[in-house]
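Architecture and fold: a report
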Amino acid sequence: MAEGWSQHSQLYNDSAQSLTFYYANVLNEVVLDYARRSKERKSVLDVAAGPGEGGCYLASRGEECVRVTITDFSQGMVDLAGKKIISRHLHNAEAQVADAQKLPFPDASFDCVVSNFGTFVVPDRKSAYREALRVLRPGGLMVVSSWNVPDNSAPGFHPLLFRAMALARTGVDHEPPQVPPTFLSRSALEEELRAFEGVAHVKVMRCSSSAVICHKSVVAVTLDNPGLQKMMEGMCQEERQKFPESFLNALRLISGVQDEHELYPCDTTAFIATVTKQ
């Protein structure tokens with residue numbers, strides 16, 4: 001799976017991350033508020049950070065109060081993050097390959113851990129949370145984003161996505177779209193995070209954003225996402241091979257946008273959870 005993300009790293013950087021960058025800024029504001037209330041510079045770990053735009057922006061805005069370690073399990077994503085660090089002269093940031101489910105850092109080594117939808121690209125979300133809490137110092141913050149369970153009766157990016165996947169999988173447009181288990185309600189997310197040992201406090205807030213994306217990037221990142229791959233379970237090998245083209249055609253049909261490179265607007269809703277470690 002890491003190879004797939006590396007293959008699509010530039011495409012994701014150029015278009016798909018527009019879906020998530022607003023939420024990265026919300027996470028960053030939480031971290032900066034926390035860091036600026038301290039007399040000491042805070043160490044921040046950005047987990048499953050993709051091409052590192054959010055982490056680089058955090059390092060730029062918090063030059064006086066944070067040092068950011070940007071990580072991803074994809075070498076292609078880390079290479080892009082490293083280039084941004086160099087080109088933007090960010091002396092308080094570094095990038096390295098790391099698996100969110102098995103972080104290569106000692107216990108209690110960071111003041112903050114952030115992950116902007118990183119749990120959507122790991123097979124075991126709970127392992128990623130557990131590792132984040134392990135490397136977090138007592139009293140530190142874990143700040144994560146999670147997509148809201150979409151309202152399939154309303155317009156928006158995720159209803160479009162699920163409807164297109166259902167059409168591509170079954171050939172029937174009116175089938176109620178299946179929502180992957182990675183999409184949680186507010187109460188479910190809060191309950192999941194409170195269940196971890198060592199959690200002192202959990203706060204969850206709801207945010208919405210508008211962005212632009214193209215079909216080509218949607219297909220690329222969807223096929224490498226383990227949560228959304230579950231929607232393809234039960235397909236034979238021939239069906240799986242044909243699915244990318246079927247999915248692209250379904251997106252064209254439902255959205256009315258024919259050019260796979262054309263950018264079009266889409267709305268999203270997500271939760272930002274702030275977890276304080278005991």
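Everything below is about the structure printed above this text.
This section reports on the structure supplied with the text. What you see is a predicted model, and the numbers here were worked out from it, not measured in a lab.

1. A closer look at unusual backbone geometry
When glycine is set aside, most residues are seen to have a negative phi, and most peptide bonds are trans. A positive phi is found at H89, a non-glycine position, where the angle reads about 55 degrees. Residue placement: H89 occurs in the loop between α5 (75–87) and β3 (93–97). Within the chain, F117 stands out as a residue other than glycine whose phi angle is a positive 65 degrees. Position of F117 among the secondary structure elements: in the loop between β4 (110–116) and α6 (125–135). According to the relative accessible area criterion, F117 is buried, its value standing at 6%.

2. Description of the packing of aromatic side chains
For the structure on display, the rule yields nine aromatic pairs. Taking the centre distance of 5.6 Å and the plane angle of 85 degrees together, the rings of Y23 and W147 count as edge-to-face. Here Y23 is found in helix α3 (residues 21–36), whereas its partner W147 is found in strand β5 (residues 136–147), with 124 residues between them in sequence. According to the relative accessible area criterion, Y23 is buried, its value standing at 0%. Seen in terms of ring centroids, F105 and F110 are 5.1 Å apart; in terms of plane orientation they differ by 85 degrees. Their pairing is edge-to-face. Here the aromatic cluster, defined as three or more aromatic residues joined through ring pairs, consists of Y22, Y23, F117 and W147.

3. Topic: the packing of α6 against helix α8 (residues 186–194)
Packing of α6 against α8 brings their axes to within 11 Å, and their N-to-C directions diverge by 50 degrees. As the angle between them shows, α6 and α8 are arranged oblique. Viewed along their axes, α6 and α8 form a crossing whose handedness is right-handed. Contacts between α6 and α8 involve R125, K126 and Y129 on the former and, on the latter, L189, E192 and L193. Taken together, the residues that form the contact of α6 with α8 break down as three nonpolar, no polar and three charged.

4. A look at the side chain of S127
Tracing the backbone shows S127 in helix α6. A polar contact of 2.7 Å, which involves the side chain of S127, links it to the side chain of D124. Discounting residues that sit within four places of it in the chain, S127 has contacts with A100 and Q101.

5. Considering the side chain of K277
Tracing the backbone shows K277 in strand β7 (residues 264–277). With no salt bridge to any partner, buried K277 finds its closest opposite charge in D107, at an N-O distance of 7.5 Å. For K277, the side chain forms a polar contact with the main-chain oxygen of L133, separated by 2.6 Å. When neighbours within four sequence positions are excluded, K277 is seen to be in contact with L133, R134, L136, R137, P138, G139, G140, G198 and A200.

6. What to know about the pattern of salt bridges
Two side chains carrying opposite charge are able to pair once their charged atoms lie near each other. Under the criterion given, the structure shown has 11 salt bridges. Residues E53 and R88 are paired through a salt bridge, measuring 3.0 Å at the closest nitrogen-oxygen approach. With E53 in helix α4 (residues 53–61) and R88 in the loop between α5 and β3, the pair connects residues that are 35 residues apart, well separated along the chain. The class of E53 is buried, set by a relative accessible area of 15%. Take R88: its relative accessible area is 37%, and that puts it in the partly exposed class. Linking D111 and R137 is a salt bridge whose minimum nitrogen-to-oxygen distance equals 3.0 Å. Placement of D111 in strand β4 and of R137 in strand β5 is noted, with a sequence separation of 26 residues between them. Overall, R137 belongs to the partly exposed group, its relative accessible area being 31%.

Quick notes on the rules
- Residues numbered from 1 in each chain as written.
- Predicted model: local features only at pLDDT ≥ 70, side-chain atom pairs only at ≥ 80, totals over all residues.
- Heavy atoms only, no water.
- Helix = DSSP H or I, 4+ residues; strand = E, 2+ residues; numbered from the N terminus.
- Buried < 20%, exposed > 50% of the residue type's maximum accessible area, 1.4 Å probe, protein only.
- Phe/Tyr/Trp six-rings, centres within 6.5 Å; stacked < 30°, edge-to-face > 60°.
- Axes fitted to C-alpha atoms, helices over the stretch in contact; angles between N-to-C directions.
- Parallel < 35°, antiparallel > 145°, perpendicular 65-115°, else oblique.
- Left-handed = near helix turned anticlockwise from the far one by under 90°.
- Contact = heavy atoms within 4.5 Å.
- Nonpolar A, V, L, I, M, F, W, Y, C, P; charged D, E, K, R; others polar.
- Polar contact = N/O pair within 3.5 Å; in protein donor to acceptor, adjacent residues only side chain to side chain.
- Lys, Arg positive; Asp, Glu negative; His and termini not counted.
- Salt bridge = Lys/Arg side-chain N within 4 Å of Asp/Glu carboxyl O.

Such coordinate-based values are descriptive only and should not be taken to indicate function.
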